[in-house]
Every structure is written in C-alpha cells, then in structure tokens.
Amino acid sequence: MSNLKRLFLISLVAVFALSMVACSGKKASLTGNIKVDGSSTVYPITQAIAEEFKKANPDLNIAVGTSGTGGGFKKFVVGETDINDASRKVKDEEAAKAKENNIEMLELEVAYDGIAVVVNKDNTWVSDITVEELKKIWEPNSTVKLWSDVRPEWPKEPIKLYGPGTDSGTFDYFTEKVNGKEKAIRTDFTASEDDNVLVQGVAGDKYAMGYFGLAYFEENADKIKALKINGVEPTVDTVKNGTYKPLSRPLYIYVANKSLERPEVKEFVKFYLEKAKELVTEVGYIPLEDSKYQDGLNKIK
Amino acid sequence: MDNKELQRIKSRKLKNSVFHGLIFFCTIFGVIVLALLLYDILKKGLPWLTIDFLTNFPSRFPKKSGIFPGLLGSLWIILLTAALAFPVGVGTAIYLEEYAKENRFTEFIKLNIANLAGVPSIIYGMLGLAVFVRALSMGRSVLAASFTMALLILPIIIISSQEAIRSVPSALKQASFALGTTKWQTVTGVILPYALPGILTGTILAISRALGEAAPLIVVGALTYVSFIPKTPLDQFTTLPIQIFNWSSMPKREFQNVAAAGIIILLGILLLANSTAIILRDKYQIKIKD
C-alpha cells in the first residue's frame with residue numbers, strides 16, 4: 001500500500017514541478033488572463049494571434065475555446081469570457097441578454113471568409129450554378145432528388161448533399177443567404193461539424209455536392225472542385241471586392257467593454273488588428289482593407 | 001457403415017470446419033482492423049513525433065505544433081480523478097460487500113450503481129456543468145473536470161472492487177474472525193490485501209477510459225488553445241483527446257499528421273497505464289501466495 005501511495009505522490013509532484021518549470025518566463029511582460037471562446041471558423045486566426053502575442057508576453061495566459069459562435073455568446077453574455085469569436089453578427093436576443101447582465105460589447109471586423117460550394121473532381125457536367133438553383137436544391141422540403149431535377153441535361157443520378165451542422169456559423173450564413181431564412185434547410189443531407197469530414201464526403205462521391213469555408217476548399221483543391229456562383233469564381237479577389245455574392249462574409253470578434261479596460265486585453269486586441277493582415281492570409285482567410293483595420297484601431301483608442 | 005452414415009459424418013465434419021473458419025475469422029477481424037488502424041496512424045504520425053512535439057504549445061504551423069498543454073492537462077485530470085474516485089469507490093465497495101445488510105435498500109443501491117455504469121459520458125458532462133462548474137462555482141477548471149471524471153468512473157471502480165472483494169475466500173475471512181479480530185481489522189488486514197490486485201486492475205482500466213474521454217470535458221469547458229499550463233487545480237485546461245480532435249478538423253492538411261502523432265502519444269499513455277495495472281497485479285499476487 002505504501003509503495004502505491006509513494007508512486008502516486010511522486011507522479012503528482014512530478015506533474016506539478018513540470019508545470020512550474022514550463023511557466024517560468026523571465027522577460028517583463030503583461031500578466032493576467034485573456035479568455036476567448038466562440039466560432040471555430042475564426043479560431044485559426046485567433047490562435048495565430050494568440051501564439052504571436054504570447055511570444056512577446058510569455059507571462060500572459062491566453063485561452064481560446066471553440067464552442068461555436070452561438071455557444072461562445074452564451075458564455076460571453078454572462079461575463080465568462082473577454083472576447084467572442086463570431087462568424088456572424090451578434091443576434092438581437094444575444095445582445096439583449098448581454099444588456100441584462102450589464103455587458104457592453106464592441107464589434108470588430110477581422111477578416112473575410114467565403115463559403116465554397118463544391119462538387120467531386122469527376123463531376124464534368126457542372127461548373128457554374130445560380131443562387132436560385134442552390135435554393136432549389138437546399139431549401140426545406142426540396143423536391144430535388146436527382147441531378148436532372150435541377151437542370152434536365154444533368155445526369156439522372158441521386159444528388160448526395162453534405163453540409164455543416166446546426167451549431168456552425170457557416171450553416172446559419174448559408175441558410176440565410178441561399179434559402180432566405182436562417183436555419184431553414186432540407187433535412188436529408190449529411191451534416192458534420194468537422195469540415196474535413198465534408199471534404200472527404202464530397203471527394204469520395206462522384207454525385208456529391210457540399211458547402212463549407214473557402215479555406216477548406218483551397219487546402220483540398222486537388223481533390224474537389226468549387227463551383228462558380230452566378231458566374232463568379234470564389235477567389236481571394238472576388239471575395240475581397242465583393243463580387244462573389246452572396247456567399248462571402250466578414251468575420252468578427254466581440255470584445256466586452258469592461259475587459260477592454262484591462263491593459264492585457266486592450267493590448268491583445270490592438271495586436272490583433274495590427275497583425276491580422278499578415279496572419280489572416282497565413283491561416284487561409286482573406287484580410288480586410290487596411291482602412292478597415294484602422295477603423296477598428298480607432299474604436300478601441 | 002453404409003453410405004448414408006458416411007455421408008452424415010462427412011456433412012457433420014464439414015459443418016465443424018465451416019464454423020471453425022467462421023469463428024477464426026471473427027477473431028482475426030478485430031485484429032486486422034486494429035492493425036490497419038495502427039498502420040495508418042503510425043505511418044502518418046511517426047515522422048511528426050519529436051521531442052519538440054511533446055514540449056511545444058499548439059501552433060498555427062503544423063511543424064511547430066506541440067501537445068504539451070494537452071499532455072499536462074490530461075495528467076493533472078487523471079491524477080486528481082484517481083485521488084478522488086479511488087478512496088470513494090473502494091470505500092463504497094467495502095461497505096456494500098462487508099457491512100451493508102442484505103435488504104431492499106442495498107439492492108436498490110447496487111442496481112443503481114450498475115445502471116450508472118451504463119450512462120453515456122456526455123450526461124456526466126452536463127451534470128458536471130450544472131453541479132461543479134455552476135452550483136459549486138468551481139468554474140471551468142481542472143478541479144471541476146476531475147470531479148466530473150471521478151463521477152464517471154466511480155461505478156466502474158465500485159463494481160470491479162466488489163468483484164475483487166467477493167473473490168476473497170471465506171475460509172480466509174473466517175480464519176481471521178476466529179482469531180478475535182474486529183470487522184475493520186479483517187477488512188484492512190485480510191480482505192483488502194487479497195483483493196488489491198483486482199481492485200487496482202479495475203481502477204486503472206477505469207482511469208484509462210477517463211483518459212480517452214472528450215465529450216464530458218467539452219461540456220465542462222475544456223478549451224482548444226491554451227497558452228499556459230495549469231498550475232493549480234483551479235486553472236483552465238485542455239486535454240489530449242480535445243487537442244487531437246481539434247487538429248483533425250483544421251483546414252491545413254498537414255494537421256492530420258499532427259493529429260496522428262497526438263494519437264500515438266495517447267495510445268502510448270494508455271498502454272503504459274494498462275501495463276502498470278498488469279505489473280501491479282502480478283506483484284501483489286505473488287506476495288499473497290508467499
């Protein structure tokens with residue numbers, strides 16, 4: 001018994017010691033905790049910023065969660081987090097909840113993201129689709145079962161649909177822009193919160209169609225094909241200059257005003273807007289115009 | 001023997017060998033799937049498995065990504081979970097097997113424990129969120145996660161400890177009582193040492209299960225990226241399975257390999273835990289025989 005106890009104690013002490021060693025930063029740096037949660041789409045950007053900010057401020061603790069835009073707001077409006085990553089604007093009921101709890105927030109745009117509508121590489125019949133056709137395919141109670149139901153010249157084969165699950169901001173945005181109402185969609189498609197699952201689904205099925213963030217398409221452009229929407233191809237340029245409509249959107253962070261009074265949060269947000277241009281590109285998203293970042297910086301001064 | 005009889009023997013032998021083959025295939029099937037899985041993971045993950053991978057923090061660059069916070073987070077939680085669940089679990093088992101009267105109430109408790117062992121882990125996560133994170137205001141901390149995990153594995157520890165205690169020969173117990181010992185002396189002097197290998201095996205297997213759990217921890221509030229290591233049980237955390245899950249859903253394809261490297265680490269720890277269980281069991285078993 002005593003051996004066991006010793007073994008247990010030794011391992012506890014070892015973990016504790018390891019934790020201490022790992023955290024002995026030396027340089028003068030900001031201290032404190034910054035808590036971020038929210039959209040998994042925005043996560044790669046925030047993670048990149050946090051990684052760089054941490055390098056300059058080794059004693060600072062930054063934690064980033066990925067509860068989804070809505071899940072993150074649930075924590076944000078009760079004051080659990082300082083910053084919420086969001087792939088859509090805050091909803092009225094979320095803002096009302098925040099007000100109840102005396103939480104005021106600042107909205108900052110940080111990047112653009114496009115939603116790519118994709119099909120299999122071997123799909124030879126389609127390279128261009130209209131928003132009306134997309135709606136016909138994806139709307140609730142859609143009667144489209146075969147590709148030929150969309151355009152008669154397309155093959156008489158069942159169309160297999162892949163899309164993000166209901167917690168995703170991408171889902172909210174796509175349903176609103178294509179079907180006209182947020183969360184309104186047919187129910188018989190394969191849903192996954194993991195975009196790589198959707199990529200694999202479309203890549204492995206000649207008669208598949210799916211949609212997800214442009215970053216996931218670009219990384220897998222050798223396996224799948226993105227469709228032009230109303231004749232416009234989804235690229236960095238078309239998203240940035242707004243011609244890729246309606247499936248491009250800004251990504252946001254929301255900062256609680258109270259948190260912004262803390263120097264570490266203020267510096268972090270400043271750093272975010274200053275570095276965003278460079279880091280956003282690196283993680284596969286599209287940066288805003290310089291003037292928009294400057295607008296954001298002016299807001300927090 | 002006439003022809004008919006020979007034919008019947010032949011068909012029976014055929015049936016025999018068909019079933020032999022079928023059952024053999026069933027056995028091999030699991031092994032083949034496991035081997036394929038291991039091959040895939042090792043092929044993808046091994047080249048990425050470096051010392052840096054163990055000591056780095058997660059990064060936007062797959063090459064610089066590391067699993068350190070997840071590793072430490074998991075170790076913290078596992079040790080605290082063990083410290084919480086082991087005494088309570090073994091205590092409950094001793095009470096149920098040695099002290100409790102055999103009445104409806106005891107039966108009711110036993111039935112409930114058996115049922116709890118089958119409750120999906122996400123339910124424990126919701127319970128943890130309501131009770132530990134919110135009501136007891138532990139926050140989204142290592143401590144709240146450990147309490148939740150302790151609840152999750154408690155039924156398994158209790159049931160395996162009960163089995164172990166029940167396997168103590170009654171001759172040993174009666175011999176002890178015959179020497180005039182109290183019940184407590186018999187429990188600590190005879191029953192526990194004899195049952196310890198079984199109790200330990202059950203506990204370590206239960207802890208291995210907790211190590212691989214992600215669902216309840218996500219509900220309790222494990223994070224995806226933490227730039228620090230939990231220093232006290234009240235700090236925020238992330239764990240191995242959550243890190244792995246996050247990497248597997250990143251857009252950059254190289255992160256799939258990072259995820260595979262993470263899986264190798266997780267498998268390594270599980271293997272280590274299980275072999276510890278076996279070593280401890282063997283060690284204590286020999287002692288008793290002497």
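Everything numeric in this text was worked out from a predicted model, so none of it was measured.

So what's going on with a nonpolar patch on the surface? Residues and values would help.
All names here are of chain B. On the surface, Leu14, Val18, Phe19, Leu22 and Ile23 cluster together into a nonpolar patch covering about 510 Å² of accessible area. Structurally, Leu14 is set in helix H1 (residues 3-45). Accessibility expressed as a relative area gives 56% for Leu14, which makes it exposed.

With reference to specific residues and values, describe the packing of helix H3 (residues 68-99) of chain B against helix H6 (residues 142-166) of chain B.
Residues and elements named next belong to chain B. Closest axis-to-axis distance for the H3/H6 pair is 6 Å, and the angle between their directions is 35 degrees. Once H3 is placed against H6, the crossing between them reads as right-handed. Partitioned by chemical class, the residues of the contact of H3 with H6 number 22 nonpolar, 6 polar and 3 charged.

Any chance you could break down the confidence of the model for chain A for me, citing the residues and the numbers?
Averaged over all residues, the pLDDT of chain A is 87; the fraction at 70 or higher stands at 94%. Considering each helix and strand of chain A separately, the mean pLDDT is smallest for helix H1 (residues 2-22) of chain A, with a value of 68, and largest for strand S3 (residues 83-86) of chain A, with 94.

Which residues make up the pairing of strand S2 (residues 60-64) of chain A, and what values do they have?
In terms of burial, S2 of chain A is a largely internal element, 5 of the 5 residues being buried. Where burial is concerned, the two faces of S2 of chain A agree: the one with Leu60, Ile62 and Val64 of chain A and the one with Asn61 and Ala63 of chain A are both buried. Both strand S1 (residues 32-38) of chain A and S2 of chain A contribute to a ladder of 5 bridges, which runs parallel. Bridge pairing links Asn33 of chain A to Asn61 of chain A in S2 of chain A. Chirality of the crossover, the property in question, places the unit of S1 of chain A, helix H2 (residues 43-56) of chain A and S2 of chain A among those that are right-handed. Bridging between S2 of chain A and strand S1 (residues 225-226) of chain B involves 2 bridges; their strand directions are antiparallel. Pairing of Ala63 of chain A across the sheet is with Val226 of chain B, part of S1 of chain B.

Definitions and cut-offs
- Residues numbered from 1 in each chain as written.
- Chains lettered and ligands numbered in written order.
- Predicted model: local features only at pLDDT ≥ 70, side-chain atom pairs only at ≥ 80, totals over all residues.
- Heavy atoms only, no water.
- Patch = residues over 30% accessible without salt bridge, like charges linked within 9 Å, V, L, I, M, F, W, Y side chains within 5 Å.
- Areas by Shrake-Rupley, 256 points an atom, 1.4 Å probe, with all protein chains shown as cover.
- Salt bridge = Lys/Arg side-chain N within 4 Å of Asp/Glu carboxyl O.
- Helix = DSSP H or I, 4+ residues; strand = E, 2+ residues; numbered from the N terminus.
- Buried < 20%, exposed > 50% of the residue type's maximum accessible area, 1.4 Å probe, protein only.
- Axes fitted to C-alpha atoms, helices over the stretch in contact; angles between N-to-C directions.
- Left-handed = near helix turned anticlockwise from the far one by under 90°.
- Nonpolar A, V, L, I, M, F, W, Y, C, P; charged D, E, K, R; others polar.
- pLDDT = per-residue confidence, 0-100.
- Pairing = 2+ DSSP bridges.
- Right-handed = clockwise from strand over helix to strand, strands pointing away.

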